[in-house]
Amino acid sequence: MSDYIVLVKQVPDVSQITDNAFDPETGTLVRARLASVINELDAQALAFANMMKKISGDDKARIIALTMGPPMAEEVLRYSLARSADQVVLLTDRALGGADTWATANPLAYAIRKITKELLKCGDDYFVVSGMQSVDGDTAQVPAQIAEELGLPCIAYVTGAEYKKKRFEFTRIISGGSQTVATKKLPAVLTVAKYEHTLFATFGRTRWANKADLVQWGADDIKAAHIGAKGSKTAVIRVFPPGKSTRKCQHLSDVKSLAKVIIDSVKSGNGQADQNGDAQAGSYVLPDKRKDKFQRMFEATQKEQDDYNLLIEKVKELGIKSAVQIDDSVKEKILESTGNSIHKKTLDDMIEGFKATRPAFKGEVWVVAEHSDGVVHPATFELTGKARDLADSLETKVGVCIAGDNVGHMAEELIAAGADTVYAIEHKVLKQFDPTAYRKAVADAIDKYVPQIVLYAATPQGRMLAPMVSYRVHSGLTADCTGLDIRDSSRKGDIGLLLQTRPALGGNVMATIRTKNSKSQMATARPGVMKRLPPDPSRKGKVVKHQVELSEDDVSLEIIQTELGSGEVNFGADVIVSGGKGMQSRDNYESLLGALCEGLSNKLGTQVERGASRAAVEQGFIERVHQVGQTGTAIGPKLYIALGISGAIQHMIGVANTETIVAINSDPNAPIFKQCDYYIVGTVEDTIPQLVQALKAE
Ligand SMILES: Cc1cc2nc3c(=O)[nH]c(=O)nc-3n(C[C@H](O)[C@H](O)[C@H](O)COP(=O)(O)OP(=O)(O)OC[C@H]3O[C@@H](n4cnc5c(N)ncnc54)[C@H](O)[C@@H]3O)c2cc1C
């Protein structure tokens, strides 16, 4: 009999953002002005656990919902009780506030231990089930880090379950396809990526839920090792509004105009890839190399920036050439001459900062490679390009860590892409990606070589591996970065820090984050944002074989079936036309999208390739190999036409490098209209035949 602990979180309702939810001065979101709701994927996780209980035929299985948050988070627990939870636990304490994912996973894991011992008394027979990620954090790190703290297997991105021969088989999303897996042992952690069979609350159960007793624990009850802001390994430096998309977002009311812009965009190339991506950090140089030794390159608040500029001005006025000349009497003079507008402690910290000239973290810049069937994932090459840029700024080397059964042959290509050293971990146990075995191998290499920066691709595999590895080696991790830069801190001499910028709250704000209390700075970065370097076969590098003790016991999952796309697709074509779920049927996809591809090819004299959203692939409109996006292929054609595609982030990540994006969608509020260059509001059935005619007539 398995019991279930479901993690639920209260989050701001980002789907209902009103204008007054933004602070007019900073442009950032004021969370208190938004309604609070249960995180949608956690509601799905609750329904998923309920489904698991049902299909296993185990009426006695218990479901406990657990949340960590302020007292008002009680609401999501009552929601859970009203639907399927038998009991609920509220972990609430001021001391737990301000935590990053590391200091969130840690107390949650301690609470899970206490639940299994004191409330469920269930031994090892339980599942921890949670949504894949929350809309406010969007990191997908907490469940994997809980698994690491508890030493459990973790199956991420689950979309379905079947109960066969007295065990569960889970379907999950993987890069390029889907997979059916079973866990080799219990307990286990599951993260649900999609389960849209909502649970409804009956009147009677809602009444009971509103009165039921909650178990409430504080920090002293669970005695977790790392809590709150103090126990965290990352700190937010700055929150700011996202830059406006540089796409034109132009509404066209007739197909004639659309045909014209389509032809122009391919013939004269009137488009430009979105400029909101990562700026290369190449401009950073270490303080020793700067003309002005007092100059620091930092990202700071206006006050910090003003204090620093004032200090430099005074130092220069006093004719000071080096930090060692600044003694107490000089400090007094500076404070006096600034009219004490700089605080004494601030002054001490800034002067401390003058003395430092070497990076606060030491070691190489690493990329953890992803590969399948002997082919390196394109995102690994993008990260190697970025790592080259960061390492050159920090005057260090680039290492690529690659784990697998037979990986040595990929080293040459990685060196040509910018690596100085390839750390190859080869073992037969690593034949297929297993999070537990891989995290042991990669963490072992990191423990030995201690790189100062470690980058992973924010693919399903990278987003699973990175949190486990970072937790294991006690380092902070920032998820899904779209910008990575080296900067100094204006205070205390933290030089050459990796600043990690990422969207949060469903893309409504951007946050810049730094690592603290860690040996390495770690980040996952969105595929398609960093630039791959042109391969240079003449580059020289070395391969270091790293041995790790592994056995079959390190493998946590049994892989039952893997479905990957097969066939030939030329995503290098100038024009790619993709169909989404809005195409309605395979027949429509074939006839309508097929006719448009043919019309474009005839008119433009160029190859036109077919693409699809994940939802279209799941509907069977076309084979998986045509999928565009985070778990499909990232493309960068001259022209991308999206037909009946809503514009989900996982899809749009894959088309970020496209010059011109055109969308046809029947919903006037489709999110894709805010991320494309030209759009028409209309059904694909009506619009495509007219467009084909208009193209002929042009
Ligand atoms: C871990 C993970 C990885 C993922 N990876 C990917 C990925 O690589 N690629 C990807 O695409 N998705 C991916 N997804 C899924 C993604 O979140 C979306 O669910 C998916 O992109 C939606 O596809 P869609 O736009 O075709 O369908 P929907 O979101 O259902 O949108 C259909 C659209 O069609 C419109 N429409 C309906 N009828 C018509 C009509 N007659 N004419 C015109 N328009 C019409 C609707 O207005 C709607 O906007 C991933 C999800 C997860 C959790």
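This one's a predicted model, so the numbers in the text were calculated from it and none came from an experiment. (Residues numbered from 1 in each chain as written. Predicted model: local features only at pLDDT ≥ 70, side-chain atom pairs only at ≥ 80, totals over all residues. Heavy atoms only, no water.)

**Q** So, the nonpolar core: which residues are in play, and what are the values?
**A** Core analysis: the largest hydrophobic core is formed by 71 residues, its most contacted members being L66, I112, I146, I446 and Y456. In terms of residue count, helix α3 (residues 101-120) provides more of this core than any other element does, 9 residues in total. Dropping the residues within four chain positions of it, Y456 is found in contact with V368, L383, I446, G462, A466, V469, L477, M522, A523, T524 and A525. With 39 residues, the next largest nonpolar core counts M52, I63, L77 and I155 among its residues. (Core = buried A, V, L, I, M, F, W, Y, C linked by side-chain atoms within 4.5 Å. Buried < 20%, exposed > 50% of the residue type's maximum accessible area, 1.4 Å probe, protein only. Helix = DSSP H or I, 4+ residues; strand = E, 2+ residues; numbered from the N terminus. Contact = heavy atoms within 4.5 Å.)

**Q** With reference to specific residues and values, describe the sheet that holds strand β27 (residues 575-579).
**A** With parallel pairing, the 6 strands of this open sheet are ordered in space as β13-β31-β30-β29-β27-β28. Edge positions in the open sheet fall to β13 (250-251) and β28 (608-612), since each of these has one partner strand only. Lying on the sheet, helix α15 (residues 586-604) is in contact with β27, β28 and β29 (639-643); it crosses β28 at an angle near 150°. (Pairing = 2+ DSSP bridges. Axes fitted to C-alpha atoms, helices over the stretch in contact; angles between N-to-C directions.)

**Q** Tell me what's going on with the site of the ligand, and back it up with residues and numbers.
**A** Around the ligand lies a shell of 28 residues, among which K581, S613, T631, S646 and Q650 are the nearest. The contact in question runs from an oxygen atom of the ligand to an N or O atom on the side chain of S613, over 2.5 Å. In the model, an oxygen atom of the ligand is placed 2.9 Å from a nitrogen or oxygen of the R614 main chain. Burial of the ligand by the protein chains amounts to 81% of its free accessible area of 990 Å². Taken together, the elements giving at least two residues each to the shell around the ligand come down to α16 (614-618), α17 (649-652) and α18 (684-697). Its residues placed into classes, the shell around the ligand shows 7 nonpolar, 17 polar and 4 charged. (Near = heavy atom within 4 Å. Polar contact = N/O pair within 3.5 Å; in protein donor to acceptor, adjacent residues only side chain to side chain. Areas by Shrake-Rupley, 256 points an atom, 1.4 Å probe, with all protein chains shown as cover. Nonpolar A, V, L, I, M, F, W, Y, C, P; charged D, E, K, R; others polar.)

**Q** Hey, could you go over the pattern of salt bridges for me, with residue numbers and the actual values?
**A** One pass over the structure, following the stated rule, counts 31 salt bridges. E317 is the partner of K314 in a salt bridge, and the nearest nitrogen-oxygen pair spans 3.6 Å. Residue K314 and its partner E317 are both found in helix α8 (residues 302-317); the two are separated by 3 residues, about one turn of the helix. The residue E352 makes a salt bridge to K355 at a minimum N-O spacing of 3.9 Å. Taken together, the residues span about one helical turn, with E352 and K355 both in helix α10 (residues 344-355) at a distance of 3 residues. Owing to a relative accessible area of 49%, K355 belongs among the partly exposed residues under this scheme. (Salt bridge = Lys/Arg side-chain N within 4 Å of Asp/Glu carboxyl O.)

**Q** Give a detailed account of the side chain of T515, specifying residues and quantitative values.
**A** Inspection of the secondary structure assignment puts T515 in strand β23 (residues 509-515). A distance of 3.0 Å separates the side chain of T515 from the side chain of Q500, its partner in a polar contact.

**Q** Describe the packing of α15 against α18, with residues and values.
**A** With their axes 9 Å apart at the nearest point, α15 and α18 run at an angle of 20° to one another. As judged from the angle between their axes, α15 and α18 are roughly parallel. Crossing geometry of α15 relative to α18 is assigned as left-handed. Where α15 abuts α18, its residues N588, L592, A595, L596, L600 and K603 lie against V684, E685, I688, P689, L691, V692, L695 and K696. (Parallel < 35°, antiparallel > 145°, perpendicular 65-115°, else oblique. Left-handed = near helix turned anticlockwise from the far one by under 90°.)

**Q** So what about helix α11 (residues 378-394)? Which residues, and what values?
**A** The first and last C-alpha atoms of α11 sit 25 Å apart over 17 residues, in line with the 24 Å expected at 1.5 Å per residue. Across the 17 residues of α11, 15 count as buried, placing the element largely inside the fold. Residue E395 follows α11 closely and has a positive phi angle near 55°. (Expected span 1.5 Å × (residues − 1).)

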